[in-house]
Amino acid sequence: MRETVAIALITSLSTLTAAGLTGLVTALTGRRQVTGQLTAAREERDAQRTVRRDQARRDTYVGFLAACDRAYRALDTGWVGPDTAPGEDAPYRALRALDEAYNLVLLAGPDPVADAAGRTVRSVNEEYAQQRRLLRKQATEATPPGERHRAEHLAALRCRTERRDAFVAVARGALEPS
C-alpha cells in the first residue's frame, strides 16, 4: 500500500507541477503578448500624432505662402500701377494677413522654419517701406515707380524669390520624415 501511496503522491505532485509550469508559461506568454500589443498601439498613436502634426504644419506653411503671394501682388500694384498689376486691396491688408499667417508658422514651428518665415516677412515689410519712400519722393509723376526705379524693383523681386525659396527649403526639410 505504501507503494501505491508513493506512486499516487508522485503522480499528484508531477501533475500539479506540470499544471503550475503550464500556468506560468501561459501567464508569461500572455504578458509578452499584451506588452507587444501595448507597444504597437503606442507606436501607432505616435505615428498618427506625427502625421496630424505634419499635416497641420503643411497647411500652415501653405497658408503662409499664400499670404506672401497676396502681399507680393499688393506690392506689385505699387511698383507697376493698378492698371497693369493684378487687382489687390491696399498693401496694408495684405501685410496684416501675412503677419497673421506668420504667427501661425511661429506656433507650428519648428524654429528653423519660423526663422525663415520671419526673414521673409521682414523682407516684405522692407520692400513696402522702400516702395513708400520712393513713391513719396516723386508722387506727382505719371510713370510707375517700377519703371522709374527699375534697379530697386528688380532687386526687390530677386529678394522675394530668394526669401520664398529659402522658406520653402527649410519647410520641406521640416516636413521630411526623419
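What comes next is a walk through the structure. Just so we're clear, the structure is a prediction, and the values are computed from it rather than from any experiment.

So, about the side chain of Thr-120. Mapped onto the fold, Thr-120 is located in helix H3 (residues 111-137). By relative accessible area, Thr-120 is classed as buried at 1%. Filtering out sequence-adjacent residues up to four positions away, Thr-120 remains in contact with Phe-64, Cys-68, Tyr-72, Arg-163 and Phe-167.

Attention now goes to the packing of helix H1 (residues 2-80) against helix H5 (residues 150-175). Two packed helices can be described by the angle between their axes and the distance between those axes. Interaxial distance between H1 and H5 falls to 11 Å at its minimum, and their mutual angle equals 175 degrees. As judged from the angle between their axes, H1 and H5 are roughly antiparallel. Seen from H1, the contacting residues are Asp-54, Arg-57, Arg-58, Tyr-61, Phe-64, Leu-65, Tyr-72, Leu-75, Asp-76, Trp-79 and Val-80; seen from H5, they are Glu-152, His-153, Ala-156, Leu-157, Arg-160, Arg-164, Phe-167, Val-168, Ala-171, Ala-174 and Leu-175. In terms of residue class, the contact of H1 with H5 is built from 14 nonpolar, one polar and seven charged.

Under the counting rule described, the total for this entry stands at two aromatic pairs. Arranged with centres 4.7 Å apart and planes meeting at 50 degrees, the rings of Phe-64 and Phe-167 form a pair that is tilted. Of this pair, Phe-64 sits in helix H1 while Phe-167 sits in helix H5, and the two are 103 residues apart along the sequence. Of the residues examined, Phe-64 reaches a relative accessible area of 0% and is grouped as buried. The buried category is assigned to Phe-167, whose relative accessible area is 1%. Clustering of aromatic rings is evident, with ring pairs tying together Tyr-61, Phe-64 and Phe-167.

Okay, the side chain of His-153 next. Its place among the elements puts His-153 in helix H5. Other than its neighbours up to four places away in sequence, His-153 contacts Trp-79, Val-80 and Gly-146.

Attention now moves to the environment of Asp-99. With respect to the helices, strands and loops of the structure, Asp-99 is situated in helix H2 (residues 91-108). For Asp-99 and Gly-118, which are 19 residues apart along the polypeptide, the C-alpha to C-alpha distance reads 9.3 Å. In contact with Asp-99, other than residues within four places in its own chain, are Val-121 and Asn-125.

Moving on, we come to a positive patch on the surface. Taken together, the side chains of Arg-132, Arg-133, Arg-136 and Lys-137 present a region of like positive charge at the surface. Judged by its relative accessible area of 41%, Arg-132 falls in the partly exposed class.

The rules behind these values
Residues numbered from 1 in each chain as written. Predicted model: local features only at pLDDT ≥ 70, side-chain atom pairs only at ≥ 80, totals over all residues. Heavy atoms only, no water. Helix = DSSP H or I, 4+ residues; strand = E, 2+ residues; numbered from the N terminus. Buried < 20%, exposed > 50% of the residue type's maximum accessible area, 1.4 Å probe, protein only. Contact = heavy atoms within 4.5 Å. Axes fitted to C-alpha atoms, helices over the stretch in contact; angles between N-to-C directions. Parallel < 35°, antiparallel > 145°, perpendicular 65-115°, else oblique. Nonpolar A, V, L, I, M, F, W, Y, C, P; charged D, E, K, R; others polar. Phe/Tyr/Trp six-rings, centres within 6.5 Å; stacked < 30°, edge-to-face > 60°. Patch = residues over 30% accessible without salt bridge, like charges linked within 9 Å, V, L, I, M, F, W, Y side chains within 5 Å. Areas by Shrake-Rupley, 256 points an atom, 1.4 Å probe, with all protein chains shown as cover. Salt bridge = Lys/Arg side-chain N within 4 Å of Asp/Glu carboxyl O. Lys, Arg positive; Asp, Glu negative; His and termini not counted. Charge placed at Lys NZ, Arg CZ, Asp CG, Glu CD.

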